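# Reading the structure
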Amino acid sequence: MNHYQDHQHGHASAPQMVSLVDPYVYQTLQTIIGRTVVVQTAQGNIRGALTDVKPDHVVVDVAGSPFFIRIQSIIWVLPQ
């Protein structure tokens, strides 16, 4: 029985993680690393220095404290 057949019969050997990546947002955010940004989420906005960008999250430094924000939760980003 091959891997595909295992999944058809519900005998998966290990859980699979699925993460959607928006490559355009990811690539665009990488171009503004080091700049001050305002990031709007459903919970409000965060203003600080964009210090890192990963395929699934960004890191915004706010007064020395890192905030890890999932890219899927971002509504908009305003570079300063």
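What counts, and at which threshold
Residues numbered from 1 in each chain as written. Predicted model: local features only at pLDDT ≥ 70, side-chain atom pairs only at ≥ 80, totals over all residues. Heavy atoms only, no water. Helix = DSSP H or I, 4+ residues; strand = E, 2+ residues; numbered from the N terminus. Buried < 20%, exposed > 50% of the residue type's maximum accessible area, 1.4 Å probe, protein only. Contact = heavy atoms within 4.5 Å. Areas by Shrake-Rupley, 256 points an atom, 1.4 Å probe, with all protein chains shown as cover. Core = buried A, V, L, I, M, F, W, Y, C linked by side-chain atoms within 4.5 Å. Pairing = 2+ DSSP bridges. Axes fitted to C-alpha atoms, helices over the stretch in contact; angles between N-to-C directions. Patch = residues over 30% accessible without salt bridge, like charges linked within 9 Å, V, L, I, M, F, W, Y side chains within 5 Å. Salt bridge = Lys/Arg side-chain N within 4 Å of Asp/Glu carboxyl O.

## Re the overall build of the protein
Secondary structure summary: the protein contains 2 helices and 5 strands in total. Helices and strands in the protein line up, N terminus first, as α-α-β-β-β-β-β. Looking at the protein as a whole, 21% of its 80 residues are labelled buried. If you take every contact in the protein between residues at least 6 apart in sequence, the share linking residues at least 24 apart comes to 38%. Total accessible area on the protein stands at roughly 5800 Å², and carbon and sulfur atoms take up 55% of it.

## Thoughts on the nonpolar core
Judged by nonpolar contacts, Leu29, Ile32, Val37, Val39, Ile46, Leu50, Val53, Val58, Val60, Ile69, Ile71 and Ile74 together constitute the single largest core of 12 residues. Setting aside its immediate chain neighbours within four residues, valine 58 contacts Leu29, Leu50, Asp52, Val53, Phe67, Phe68, Ile69, Ile71 and Ile74.

## Quick word on the pairing of strand β3 (residues 57-62)
Across 4 bridges, strand β2 (residues 44-53) lies against β3 in antiparallel orientation. Looking across to β3, one finds that aspartate 52 is bridged to valine 59. Counted along the chain from β2 to the antiparallel partner β3, the turn is 3 residues long. Taking the residues that link successive antiparallel strands as the turn, the β3-strand β4 (residues 65-70) hairpin has 2 residues, and the phi of alanine 63 there is positive, at about 50°.

## Overview of the sheet that holds strand β1 (residues 36-41)
As summarised here, the arrangement of the 5 strands in space is β4-β3-β2-β1-β5, forming an open sheet in which the pairing is antiparallel. Each end of this open sheet is capped by a strand with a single partner; those strands are β4 and β5 (74-79). The sheet shows a mean angle of 45° between the axes of neighbouring strands, taken without regard to direction.

## Here we look at a nonpolar patch on the surface
Together, Ile75, Trp76 and Leu78 give the surface a local cluster of nonpolar side chains, amounting to about 300 Å² of exposed area. Looking at where tryptophan 76 falls in the secondary structure, it is placed in strand β5.

## Brief notes about the pattern of salt bridges
In total, this model carries 1 salt bridge according to the counting rule given. Aspartate 52 is paired through a salt bridge with lysine 54; the nearest N and O atoms lie 3.4 Å apart. On the basis of relative accessible area, aspartate 52 is assigned to the partly exposed category, the value being 26%.

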